[in-house]
Amino acid sequence: IDIRLKNRYLPISTMQPSSNHTQSPQTKAHIIAITNQKGGVGKTTTAINFSASLAAAGYRVLLVDFDPQGNASSGVGYSSNRVQRSIYDAIVNESALKDCVYSTEIPTLFLVPATIDLVGAEIEIITTDQREYVLSQKLESVRNQYDYIVIDCPPALGILTLNALVAADSIVVPMQAEYFALEGLSALMKTVTNIQQKYNPRLHIDGVIFCMCDDRTNLSKQVQHEVQTHLGHHVFSTRIPRNVRLSEAPSHGKPILLYDLHSTGCKGYFKFAQEYIEKQQR
Ligand code: ATP
Ligand code: MG
């Protein structure tokens, strides 16, 4: 990938490449869980393309696929037949997490893949001590090697998502601007509060990112307005448009920036990454 990309879309002043703040053992990745128990809202698309956008800006990023569907893995070129060791091996078979990390076509983007095996992990985790901390403990061992760790969560509030939220510093909530968007949001907020109190006081909400937006419809505008009223500054101002190129890219095993750099979807995710960094620096 041509790293000059970032100069075109992402102002270098806001997107500091990791080469400028060389990794020291004290550096710890910021861990972001991409979560919403509602299915098909854009979690995986966001996990892949947000990670890729941060990586294109020079940050070292580890994308952790924590959904047995394995869509984040295949979306960056690792369908299950290419995976020898997955997140399952790290959390159940005691493999070192570093041995489950794969490189991708983007030099600063790395992947810990998931396969369908992960379904079994739910049951196995439940019987272990400290079952809420399994992922957190594993990530700790690689945390000083990355600037960001992005976790793609499954569409449920089960033990896997619980582990992701216990490991995370913050969450990004992809949402579709449709009639039932707010349904389930209060359950998610309750879960977050519960986790803050019981397991992880660091956890905070970065915000909601609207995905698959179609600003021509009144319903979409109405829902965005309603969510904004409920959540205020917890809504990112970037909107990801509905864009067919975003839905095509995974079947080629590529993040959007390697599939169609000039698409509206690609620009949307670059803008989101930029907004995220700016918000974090404030
Ligand atoms: P699940 O809950 O099953 O894990 P998800 O929340 O991860 O789903 P995605 O897989 O990212 O959601 O998206 C659902 C579908 O919508 C996919 O086919 C994806 O390609 C498509 N999609 C996501 N975002 C967009 C977009 N902005 N424009 C067009 N299609 C999109
Ligand atoms: Mg998904």
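Only a predicted model underlies this, so the values are computations on that prediction, with no experimental measurement involved.

(A) Representation of the overall build of the protein within the structure. When you go through the protein residue by residue, the secondary structure sums to twelve helices and eight strands. By the compact-globule yardstick of 19 Å for 282 residues, the protein fits well, its C-alpha radius of gyration being 18 Å. Overall, the protein is about 50 × 40 × 35 Å in size when its C-alpha atoms are taken along their principal axes. Split into buried and exposed, the 282 residues of the protein put 56% on the buried side. Partitioning the intrachain contacts of the protein with sequence separation of at least 6 by distance along the chain shows that 80% fall at a separation of at least 24. Accessible surface, the protein: about 12400 Å² in total, of which carbon and sulfur atoms supply 50%.

(B) Just the site of ligand 1, in detail. K43, T44, T45, P241 and N243 are the nearest of the 17 residues found near ligand 1. Separating an oxygen atom of ligand 1 from a backbone N or O atom of G40 is a distance of 2.9 Å. Here a nitrogen atom of ligand 1 and a backbone polar atom of P241 are 2.9 Å apart. Contributing elements (two or more residues each) for the shell around ligand 1: helix 2 (43–56), strand 8 (235–241) and helix 10 (244–248). The element best represented in the shell around ligand 1 is helix 2, accounting for three residues. Looking at the shell around ligand 1 residue by residue, the class counts come to six nonpolar, eight polar and three charged.

(C) View of the side chain of D65. As for its position among the elements, D65 is in strand 2 (residues 61–65). One buried charged residue, D65, remains without a salt bridge, the closest side chain of opposite sign being K43 at 11 Å. Within the local environment of D65, its side chain forms a polar contact with the backbone nitrogen of A72, the two atoms lying 3.4 Å apart. The residues touching D65, leaving out its near neighbours within four places in the chain, are G70, N71, A72, S73, I87, V112, P113, A114 and D152.

(D) Fine view of the pairing of strand 5 (residues 148–152). Of all five residues that make up strand 5, five are buried, and the element is covered over most of its length. Both faces of strand 5 are covered, namely the face carrying Y148, V150 and D152 and the face carrying I149 and I151. Sheet topology places strand 1 (residues 30–34) next to strand 5; five bridges connect them, and they run parallel. Bridge pairing in strand 5 places A33 opposite I151. The sheet contact formed by strand 2 and strand 5 spans five bridges and is parallel. Looking at the pairing, L62 lines up with I149 of strand 5.

(E) Structural context of a nonpolar patch on the surface. Among the surface-exposed residues, Y179, F180 and L219 lie close enough to one another that they form a single nonpolar patch of about 350 Å² accessible area. Looking at the secondary structure, you find Y179 in the loop between strand 6 (170–176) and helix 8 (185–198).

(F) A look at the packing of aromatic side chains. For the coordinates displayed, the defined rule picks out nine aromatic pairs. Ring centres of F236 and Y276 lie 6.1 Å apart, and the angle between their planes is 25°; this geometry places the pair in the stacked category. Of this pair, F236 sits in strand 8 while Y276 sits in helix 12 (residues 264–281); the two residues are 40 residues apart in sequence, bridging distant segments of the chain. Y276 carries the same exposure label as F236, and that label is buried. In textbook terms, an aromatic cluster arises when at least three aromatic residues are bridged by ring pairs, as seen for F50, F236, F272 and Y276. Seen from the ring of Y78, R82 lies directly overhead, with NZ or CZ sitting 4.2 Å from the centre. Cation over ring: K279 sits above F236, and NZ or CZ is 4.3 Å from the ring centre.

Calculation notes
Residues numbered from 1 in each chain as written. Chains lettered and ligands numbered in written order. Predicted model: local features only at pLDDT ≥ 70, side-chain atom pairs only at ≥ 80, totals over all residues. Heavy atoms only, no water. Helix = DSSP H or I, 4+ residues; strand = E, 2+ residues; numbered from the N terminus. Rg over C-alpha atoms; globule rule 2.2 N^0.38 Å. Buried < 20%, exposed > 50% of the residue type's maximum accessible area, 1.4 Å probe, protein only. Contact = heavy atoms within 4.5 Å. Areas by Shrake-Rupley, 256 points an atom, 1.4 Å probe, with all protein chains shown as cover. Near = heavy atom within 4 Å. Polar contact = N/O pair within 3.5 Å; in protein donor to acceptor, adjacent residues only side chain to side chain. Nonpolar A, V, L, I, M, F, W, Y, C, P; charged D, E, K, R; others polar. Lys, Arg positive; Asp, Glu negative; His and termini not counted. Salt bridge = Lys/Arg side-chain N within 4 Å of Asp/Glu carboxyl O. Pairing = 2+ DSSP bridges. Patch = residues over 30% accessible without salt bridge, like charges linked within 9 Å, V, L, I, M, F, W, Y side chains within 5 Å. Phe/Tyr/Trp six-rings, centres within 6.5 Å; stacked < 30°, edge-to-face > 60°. Lys NZ or Arg CZ within 6 Å of the ring centre and 35° of its normal.

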